[in-house]
Amino acid sequence: MNRIPAREQVEHLRQQYPAGTRITLRSMDDPQAPPPGTKGTVSYVDDMGQIGVKWDTGSSLSLIPGEDSFSKEPAAEITKHKRSRDLER
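The rules behind each value
- Residues numbered from 1 in each chain as written.
- Predicted model: local features only at pLDDT ≥ 70, side-chain atom pairs only at ≥ 80, totals over all residues.
- Heavy atoms only, no water.
- Helix = DSSP H or I, 4+ residues; strand = E, 2+ residues; numbered from the N terminus.
- Buried < 20%, exposed > 50% of the residue type's maximum accessible area, 1.4 Å probe, protein only.
- Polar contact = N/O pair within 3.5 Å; in protein donor to acceptor, adjacent residues only side chain to side chain.
- Contact = heavy atoms within 4.5 Å.
- Core = buried A, V, L, I, M, F, W, Y, C linked by side-chain atoms within 4.5 Å.
- Phe/Tyr/Trp six-rings, centres within 6.5 Å; stacked < 30°, edge-to-face > 60°.
- Lys NZ or Arg CZ within 6 Å of the ring centre and 35° of its normal.

## Observations regarding the side chain of Thr24
Take Thr24: it is sitting in strand E1 (residues 22-27). Accessibility expressed as a relative area gives 11% for Thr24, which makes it buried. Only 3.1 Å separates the side chain of Thr24 from the side chain of Lys39, close enough to count as a polar contact. A distance of 2.4 Å separates a polar atom in the side chain of Thr24 from a polar atom in the side chain of Glu73. Not counting the four nearest positions on each side in its chain, Thr24 is found in contact with Gly37, Thr38, Lys39, Phe70, Ser71 and Glu73.

## Some details on the nonpolar core
Counting residues in hydrophobic clusters, the biggest one holds 13 residues, and the most contacted among them are Tyr17, Ile23, Val45, Ile51, Trp55, Leu63 and Phe70. For this core, the elements supplying multiple residues, two or more each, are helix H1 (7-16), E1, strand E2 (39-45) and strand E3 (51-55). By residue number, the principal contributor to this core is E3, which donates three residues.

## Focus: the packing of aromatic side chains
Any two aromatic rings considered together are summarised by their centre-to-centre distance and by the angle between their planes. The full count for this structure, using the stated rule, is one aromatic pair. Directly above the aromatic system of Tyr17 lies the positively charged group of Lys72, at a separation of 5.7 Å from the ring centroid.

If you want it as structure tokens, here you go:
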């Protein structure tokens, strides 16, 4: 995003990438970027619409939607385990 995003766009990103969301990097034009295929966890989405990520390599570097290429990992199935624990009671 080369311009300041509208508040609605930032809120949409925050809903789409809440803290804890797992991300896989495809490509990033930054000399500090982790290698393609690196996974990370979203920490926040800032007011400029950048997605703060704590990469599994130990680094932290924000993604810029529309400039960096990345994908969201499917959410883990927590409810399935919760249901089986409830049945044991």
